[in-house]
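So you can see what is in the structure, the chains are spelled out below.
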Amino acid sequence: MAQIPQSERLHIILYGRTNSGKSSLINALTGQSVSLVSETPGTTADPVSKAIEMPGLGACVLVDTAGFDDADEKLGSLRVERTDRTMQSADIAIIVISSEDISLELEWIKRLRLEEVPVIPVLNKSDVNSYPDRMFDVLKEATEQSPVFLSSHTGVGIEKLREVLRSIYAKEEVTGSIVGSLAVAGDIVLLVMPQDVQAPKGRLILPQVQTIRELLDKGCIPVCCTPETMRSALEGLSTPPKLIITDSQVFGKVCEMKPDTSLLTSFSILFAAYKGDVDCFVHGAETIARLTPRSRVLIAEACTHAPETEDIGRVKIPALLRNRVGSSLQIEVVSGKDFPEDLTPYDLVIHCGACMFTRRMVMSRLRQAQRQGVPMTNYGITIAYLTGILDKVALP
């Protein structure tokens, strides 16, 4: 369980004012002292994450955040900003309340609902506090979820909260598939995987591992090779593979060698659908035809690795774009969770395959771009468009 990547876990994030009982609730849910509990405001500075297996929910990440009313002159605004960023990855939000003043809580609920995040209001410290009926009704209307009366100290309400979490998960869960209907049980799938400087020595990169595992689970027959050994791999098969999956950067080379009857796609395109909206990304790639040498493009990487000389996002895609549009095309690169609030200065956003992000985070970024009228696409679809084979690529 500990080896399940965070991007594949259910993210449950706790929000509330300072000293509302978020840290105590995290500890009660996990049965461990994960977060430091203190009466001193601002004890929780950075979001604190705990990977855990929860019955009925599976692999989860519980995240404790700083109070969104943090008024510390030096660090308060920074803490609130980091709390704010966690909204992008929240699959379920718990709003912890310990007073009758819920003005700030309602503001955050509204913002979370705009991000389509299910919200559970928790009336904490119910062993010592009493809450008016009108407050219950207001919270139920704002969240479409009945508030849970709870005491982290006595444990009353903890099991009820778990039940609500399981109920929301059952409603919200979409069993995602990486390859979708492109391959079914019994199909031979050829995976053409360059082993270059981007591949960790002795390991496969995460999208390759996850794709191979899914193919095995589906009853497919995965066959792995490199671009250099692809011809030999094809010759060794009695029938052409139903599907060929490769890396975006060798699309052209693989396309030239693929049998006519085989479908072709890339790991990045598969993850565009698995983690985002592939149709929107294809539409976004069409913007490339309208770029000019004065245009600005933002490239967003989920990873925060040190760039290599062959880096696809920092070197190869910029080179392809400038070769098509002109050498003066302005290209900026951000990585990890650094993503501009204001995207309007850009004519196009190109995102990586996002194997390190949750689908919720990718969709949050896509909605942000759409609200600001900025088209967005991803690495694999960009390369397929620029190399003229997008119409030959199979979309999941």
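Along each chain, residue indices are assigned from 1 in the same order as the chain's sequence is written. Only residues with pLDDT of 70 or above have their local features reported here, since the model is predicted, and side-chain atom pairs are shown and tallied only from 80 upward, although totals for entire chains, interfaces and linings are computed over all residues. Note: side-chain values were computed over all heavy atoms of the structure, leaving out hydrogens and water.

Peer 1: Go over the overall build of the protein with me, naming the residues and quoting the values.
Peer 2: When helices and strands are tallied, the protein shows 13 helices and 14 strands. Taken over 396 residues, the protein has a buried fraction of 51%. Long-range pairs, those at least 24 residues apart, make up 74% of the contacts in the protein between residues at least 6 apart in sequence. What sets the accessible areas is the Shrake-Rupley method with a 1.4 Å probe; for residues, cover comes only from the shown protein chains. By element, 50% of the accessible surface of the protein is carried by carbon and sulfur atoms, the whole surface being about 18,200 Å². We count a stretch as a helix when DSSP gives it H or I for four or more residues in a row; a strand needs E for two or more, and each element gets its number in order from the N terminus. Working definition: with a 1.4 Å probe on protein chains only, accessible area under 20% of the residue-type maximum means buried, over 50% means exposed, and in between means partly exposed. Any two residues whose heavy atoms approach within 4.5 Å are treated as being in contact.

Peer 1: Can you lay out the nonpolar core for me, pointing to particular residues and giving the numbers?
Peer 2: If you look at the biggest cluster of nonpolar residues, it comprises 58 residues, and the most contacted ones within it are L190, M230, V297, I317, L321, I350 and I381. If you tally residues by element for this core, the top one is helix α13 (residues 379–386), at 6 residues. Non-local contacts of I381, meaning those with residues more than four positions away in its chain, are made with I269, A272, V278, F281, V282, A285 and L390. Residues belong to one nonpolar core when they are buried, are Ala, Val, Leu, Ile, Met, Phe, Trp, Tyr or Cys, and are joined through side-chain atoms within 4.5 Å.

Peer 1: Give me the lowdown on the side chain of S268, citing residues and values where you can.
Peer 2: For S268, the location among the structural elements is in helix α9 (residues 267–275). Taking the relative accessible area as the measure of exposure, S268 reaches 12% and is therefore buried. Among all residues touching S268, those that are not within four sequence positions of it are S248, G353, N378, Y379 and G380.

Peer 1: Now, about the sheet that holds strand β4 (residues 92–97): what can you tell me, with residues and values included?
Peer 2: Ordered by their spatial adjacency, 6 strands build an open sheet running β2-β3-β1-β4-β5-β6, and the pairing between neighbours is mixed. Sheet topology places β2 (48–54) and β6 (148–149) at the edges, where each strand pairs with a single neighbour. A pair of strands is treated as paired once DSSP finds two or more bridges between them. Bridge analysis of β2 against strand β3 (residues 58–64) gives 7 bridges, and the strand direction is antiparallel. When the sheet's bridge partners are listed, I52 is paired in β3 with C60. Axis lines are fitted to C-alpha atoms, over the contacting stretch for helices. Their N-to-C directions set the angle, which ranges from 0 to 180 degrees. Relative to β3, helix α1 (residues 22–30) is tilted by about 160 degrees, and along the sheet it contacts β1 (10–16), β2, β3, β4 and β5 (119–123). Strands β4, β5 and β6 of the sheet are contacted by helix α4 (residues 133–143), whose axis makes an angle of about 165 degrees with β5.

Peer 1: Tell me what's going on with the packing of aromatic side chains, and back it up with residues and numbers.
Peer 2: Note on ring pairs: Phe, Tyr and Trp rings are taken, using the six-membered ring of Trp, and paired if centres are within 6.5 Å. Classes follow the plane angle, with under 30 degrees stacked, over 60 edge-to-face and the rest tilted. In the structure shown here, the tally under the stated rule is 5 aromatic pairs. Plain terms: the ring middles of Y131 and F149 are 6.5 Å apart, the flat faces sit at 50 degrees to each other, and that makes the pair tilted. Of this pair, Y131 sits in the loop between β5 and α4 while F149 sits in strand β6; the two residues are 18 residues apart in sequence, bridging distant segments of the chain. On the accessibility criterion, F149 (38% relative accessible area) is partly exposed. Relative to F149, the ring of F136 has its centre 6.0 Å away and its plane inclined at 10 degrees; by these criteria the two rings are stacked. On the criterion of sequence distance, the pair formed by F136 in helix α4 and F149 in strand β6 is long-range, its members being 13 residues apart. Aromatic ring contacts, followed pair by pair, group Y15, F68 and W108 into a single cluster. Comment: the charge-over-ring label is applied if NZ (Lys) or CZ (Arg) is within 6 Å of the ring centre and within 35 degrees of the ring normal. Over the ring of W108 we find R111; its NZ or CZ atom is 5.1 Å from the centre of that ring.

Peer 1: Before we move on, can you summarise helix α10 (residues 278–285) with the specific residues and values?
Peer 2: By the burial criterion, the buried members of α10 are V278, F281, V282, G284 and A285. End-on, the buried residues of α10 take up no more than an arc of 160 degrees, which puts them together on one face. Exposed residues pointing more than 90 degrees away from the buried face of α10 are listed as D279 and H283. On the buried face of α10, the contacting elements are α9, β13 (348–351), α12 (359–371), β14 (376–378) and α13. Directions are taken from the helix axis to each C-beta atom, and the arc is the one they span.

Peer 1: With reference to specific residues and values, describe the pattern of salt bridges.
Peer 2: Salt bridges are identified by distance alone: a Lys or Arg side-chain nitrogen within 4 Å of an Asp or Glu carboxyl oxygen. All chains considered together, the criterion is met by 16 salt bridges. Among the ionic pairs, R85 bridges to E81, the shortest N-O distance being 3.1 Å. Here R85 pairs with E81, and both are found in helix α2 (residues 76–85), just 4 residues apart, close to one helical turn. A residue is classified by how much of its surface remains accessible, and E81, at 39% relative accessible area, is partly exposed. When the shortest N-O distance is used, the salt bridge between E144 and R113 registers 3.3 Å. Here E144 is found in the loop between α4 and β6, whereas its partner R113 is found in helix α3 (residues 103–114), with 31 residues between them in sequence. In this structure E144 comes out as exposed when scored by relative accessible area, which is 63%. Among the ionic contacts, a cluster of salt bridges with common partners joins E115, E116, R367 and R371.

Limitation: the analysis is restricted to geometry and does not speak to function.
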